[in-house]
Amino acid sequence: MSLAVVSLIWDAKSSPSQRVSYDDDGYHLVRFPFGGESYDPWKMHDPANGGGDSEDFPHARSGLIYPSHEGWGIVSAMVHWEKDGDPHEYRARFVRDPLGDEYDSTATTDAAETGGGQYKSYMWQFFVHPGTPLGLKVSARGRGDKKIATPLRHAQFKLAIHTDVMKP
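Reading guide: rules and limits
Residues numbered from 1 in each chain as written. Predicted model: local features only at pLDDT ≥ 70, side-chain atom pairs only at ≥ 80, totals over all residues. Heavy atoms only, no water. Buried < 20%, exposed > 50% of the residue type's maximum accessible area, 1.4 Å probe, protein only. Helix = DSSP H or I, 4+ residues; strand = E, 2+ residues; numbered from the N terminus. Pairing = 2+ DSSP bridges. Axes fitted to C-alpha atoms, helices over the stretch in contact; angles between N-to-C directions.

Draft legend 1. Representation of the pairing of strand 5 (residues 89-96). The buried fraction of strand 5 amounts to 8 of the 8 residues, a majority that puts the element mostly inside the structure. The two faces of strand 5 match: Glu89, Arg91, Arg93 and Val95 on one face and Tyr90, Ala92, Phe94 and Arg96 on the other face are all buried. Two elements, strand 5 and strand 6 (residues 104-112), share 8 bridges in a ladder whose sense is antiparallel. Each residue of the ladder has a partner; that of arginine 96, found in strand 6, is aspartate 104. Pairing of strand 5 with strand 8 (residues 134-141), which is carried by 8 bridges, proceeds in the antiparallel orientation. Bridge pairing links alanine 92 to valine 138 in strand 8.

Have a look at this one:
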């Protein structure tokens, strides 16, 4: 079975910083530097994807993966948050077309704060299509569902597309 893969990595120690700010949906679109990928032979994280002029990190388009093929997509992510006593809940969601008119959150996960560091990983599966970008969105929440701009320390966002989906 053929597989097309992209793996994005952002780390506060070695990459430009990103400020956590919340969009209208109450989530922050995690950004990844262009060219900082550990693997992107299909150019699914290309600064010119989406048309128009290319954009640089931390522009919102730096948070998008454009699937290179039709197929069954497996998305996974890992997020490390700074230690912060205010949040009581950490959320993440995978979103189709997070900057467009066809916004579709395909999976949302929330987790309570743990006693140590806040290290979270996520996975979901669904059909993906070229031209419909994917994004990883996160949120840290406090009492009364208050959105808290807790800084990120590390993030990874990966897509594997099974291109040989059998049909009956």
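Draft legend 2. Layout of unusual backbone geometry. Each neighbour pair has its own omega, and for phenylalanine 57 with proline 58 the value is 10 degrees, a cis peptide bond. Structurally, proline 58 can be placed in the loop between strand 2 (28-29) and strand 3 (64-65). The backbone of aspartate 97 shows a phi angle near 50 degrees, a positive value even though the residue is not glycine. Position of aspartate 97 relative to the elements: it lies in the loop between strand 5 and strand 6. With a relative accessible area of 15%, aspartate 97 lands in the buried category. With phi around 65 degrees, aspartate 145 is a residue other than glycine that occupies positive phi space.

Draft legend 3. Structural detail: the sheet that holds strand 10 (residues 152-162). Spatial strand order, 1-10-4-7: 4 strands in an open sheet with antiparallel pairing. At either end of the open sheet lies a strand with only one pairing partner, and these are strand 1 (3-11) and strand 7 (118-128). Each adjacent strand pair in this sheet contributes to an overall mean axis angle of 10 degrees, direction not counted. Looking at chain direction, strand 4 (residues 71-81) and strand 7 are connected through 11 bridges and run antiparallel. Among the inter-strand pairings, alanine 77 is bridged to a residue of strand 7, identified as tyrosine 122.

By themselves, these figures tell us nothing about what the structure is for.
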